[in-house]
Amino acid sequence: MQRGAPALLRTCSPPFRLPPPSYVRLASRSGTYSSPVLRHYATAPAGTPPTFLRRTRTAARYTFYLIGSTILGCGLITGAIFVHDAFTYQDRHVGNVPVAPRALQPERGGPKNLPVLSTLLSDWEDEEQRSLSKKPHLVIVGGGWGAVGVLDKLDPGDYHITIISPETYTTFTPLLPSAAVGTVSVRSLIEPLRKIAARLRGHLINARAVDLVMSERLLEVETIVPGQEKGEHMYIPYDKLVIAVGSTSSTHGVPGLEHCFQLKTIGDAQAIRKRIIDNFEAASLPTTTPEERKRLLSFVVCGGGPTGVETAAEIYDLCQEDLFNYFPKICREEVSIHVVQSREHILNTYSEAISKYAEQKFMHDQIDLITMARVASVAPDKVTYTKRTEDGKTESFEIPTNFVLWSTGIAMNPFTKRVSDQLPNQVHKKAIEVDSHLRVKGAPLGDVYAIGDASTIETSIVAHLLELVDEADKNNDGKIDFDEWEIIVGRIKKRMPMAEDQLLRVRELFELYDSDGDNSLTLNELAVLLQELGSKITSLPATAQVASQQGKYLGKKFSKLSKKQPTLEANGLHPADFDDAIAQPFRYTHLGSLAYIGNAAVFDLGRYSFMGGLAAMYAWRSVYWSEQVSMRTRALLMIDWVVRGIWGRDLSRL
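Note that the coordinates shown come from a computational prediction; the quantities given were computed from them, not determined experimentally. (Residues numbered from 1 in each chain as written. Predicted model: local features only at pLDDT ≥ 70, side-chain atom pairs only at ≥ 80, totals over all residues. Heavy atoms only, no water.)

**Q** What is the right way to read helix α7 (residues 145-153) from this model?
**A** A turn of α-helix holds 3.6 residues, and therefore any two residues three or four places apart point the same way. Among the residues of α7, those classed as buried are G146, A147, V148, G149, V150 and L151. Each element contacted by the buried residues of α7 is listed here: β3 (137-141), β4 (160-165), β5 (169-171), α9 (193-198), β10 (240-243) and α20 (544-570). (Buried < 20%, exposed > 50% of the residue type's maximum accessible area, 1.4 Å probe, protein only. Helix = DSSP H or I, 4+ residues; strand = E, 2+ residues; numbered from the N terminus. Contact = heavy atoms within 4.5 Å.)

If you want it as structure tokens, here you go:
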């Protein structure tokens, strides 16, 4: 029977029938199985399917592989860390480092007879530094988006680079509202400037710019020394100077702003976080009166722009997701968030659909929106604002509060104002006016540039009237016909790319301002036309995106100039004309605006708008994550978001 079983299975037509249990038991007693099926049925419990054990063995095998590979991977990572530490933590002895005598004892000079740092301490450290010290000296004032953009696009060895900054790090400012409530750590938003400059073997001087002597190419700075209110003043000579100091908040003449917080630096974010936690701790005390508790838990944001809106949304998230879980429930009823906006809508620079979506989101979250109102004064315990009633009268209102954020417009940095006051024809009240190549207008040698919030590109076309007429008036009759007008249009587009949108209808503009109908424009008619065009050109917004693009534009241009300068000089070209010879005017490309509004986000991409909940929020995070300066900050930022999602925000007072 044993010998016949295989034959029986082979001769059965499919599907074959398995032998009865009695046959299997008989074969089991004989101890021989010529078929795998018989062996399975002889060893498996009655009723066990033939694939179960096979699947069990496969699962066990892969589980073993997974556990083994995990253990092996952890061992390799641990070993790599040990090897890294063994080669990293070593005693290093530095001796006999060459230092230039002029670096230790600088000469004095300039209008104020101050030390002139013509040589820095590390200029002679090695042959590469010695070589760089002989290159043109590029001085960058500031450490923000514009300055980092310049450094990012420069090639090593092009310039002898020095950064002047009161901070030793650059900050990813768009996420400061998140840092102000502990959603992310402040360490995740900063990158040391020395690390950024190391690629270019650049220097950092921890100081603030004070004054500028353009005729002698000297920048006056004041050093920052811990424990001292005033530092030492000295001069930094330069061959090219980039002003990227940013801006300050505009006061609009409102009294009491010393009681307000701003949100421009890491220190501001830390102070805001401390005040919020302090307010909740004081409000949770049994001795706090109901009126005082209401005041402590009232948060007022002055300004409905992106910074104000994002800060209000982050404070709301902090209360809903963390503070309400750990503080007395009585605090929930007293928390109130107010946004005071002077315009009709918040996020008024975004599309109308986005403004309405953000307003509806805030109304759903019970965030108090006060539009068409102006802050009249700020006191330590209240904010007073005015608003016009339906009958045209102005009525005053008060909000008791112990927290006020001021985020309404920008004003000149003190150094920017000092530079602007020195130059002729600088009439802009908020920034230094520059030409389309980002050169400061009126700078005598054409070697001073300004970017970011510290600058604004000129929009006046009529100032170039005579120059344009000289280039276009071929017959010298003092009139501009249509062909000559087309030449002027081409010159304007080339010099001022921002005017292109206003010059789309060339023929209509010509006919509109040809008041006498003689198919030509007189100088007066042309002046009126150019003045109207200039008034319609919109200045670039004071955003990180603009500053970054301007910095990268300068970095590329400077690198190209360093390589082509010998050729330009050999051709007899004047240094003031180098920029026009090697580069086109700066052209801004708007990549869209975005804002966080509390577990939701909005995107304004020009013609298109995108807004939504969690999906939009993760898209917002992805954009900011990709824009980080280094992989270190990307890793830290990702860890912060994971930690907040699992364990919540840190509620300790630091």
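And the narrative resumes.
**Q** Quick question: what am I supposed to make of a positive patch on the surface here?
**A** A grouping of R54, R55, R57 and R61 is seen on the molecular surface, where their side chains present a positively charged patch. Mapped onto the elements of the fold, R55 is located in helix α4 (residues 50-88). Judged by its relative accessible area of 63%, R55 falls in the exposed class. (Patch = residues over 30% accessible without salt bridge, like charges linked within 9 Å, V, L, I, M, F, W, Y side chains within 5 Å. Areas by Shrake-Rupley, 256 points an atom, 1.4 Å probe, with all protein chains shown as cover. Salt bridge = Lys/Arg side-chain N within 4 Å of Asp/Glu carboxyl O. Lys, Arg positive; Asp, Glu negative; His and termini not counted. Charge placed at Lys NZ, Arg CZ, Asp CG, Glu CD.)

**Q** Sorry, what's going on with the pattern of salt bridges here?
**A** Where charged atoms of side chains with opposite charge meet at close range, the side chains can pair. Scanning the entire structure with this criterion turns up 31 salt bridges. Between D447 and R217 there is a salt bridge whose closest N-O contact spans 2.4 Å. On the criterion of sequence distance, the pair formed by D447 in the loop between β20 (432-434) and β21 (448-450) and R217 in the loop between β7 (203-213) and β8 (218-223) is long-range, its members being 230 residues apart. A salt bridge links E321 to R644; the nearest nitrogen and oxygen atoms lie 2.8 Å apart. Here the residue E321 occupies a position in helix α12 (residues 306-326), and R644 occupies one in helix α23 (residues 631-647), the gap between them amounting to 323 residues.

**Q** Is there a simple way to think about the nonpolar core in this case?
**A** Nonpolar side chains in soluble globular proteins tend to end up buried together. One finds I276, F280, L323 and F362 to be the most contacted residues of the largest nonpolar core, which totals 61 residues. When residues in this core are grouped by element, the largest group, 9 residues, is from α12. Y238, I457, V546 and F578 belong to the second-largest nonpolar core, a separate cluster that totals 59 residues. (Core = buried A, V, L, I, M, F, W, Y, C linked by side-chain atoms within 4.5 Å.)

**Q** Can you help me understand the side chain of S436 in this one?
**A** Structurally, S436 can be placed in the loop between β20 and β21. A polar side-chain atom of S436 sits 2.6 Å from the main-chain carbonyl oxygen of R495. Filtering out sequence-adjacent residues up to four positions away, S436 remains in contact with I457, R495, P497, Y553, P585 and F586. (Polar contact = N/O pair within 3.5 Å; in protein donor to acceptor, adjacent residues only side chain to side chain.)

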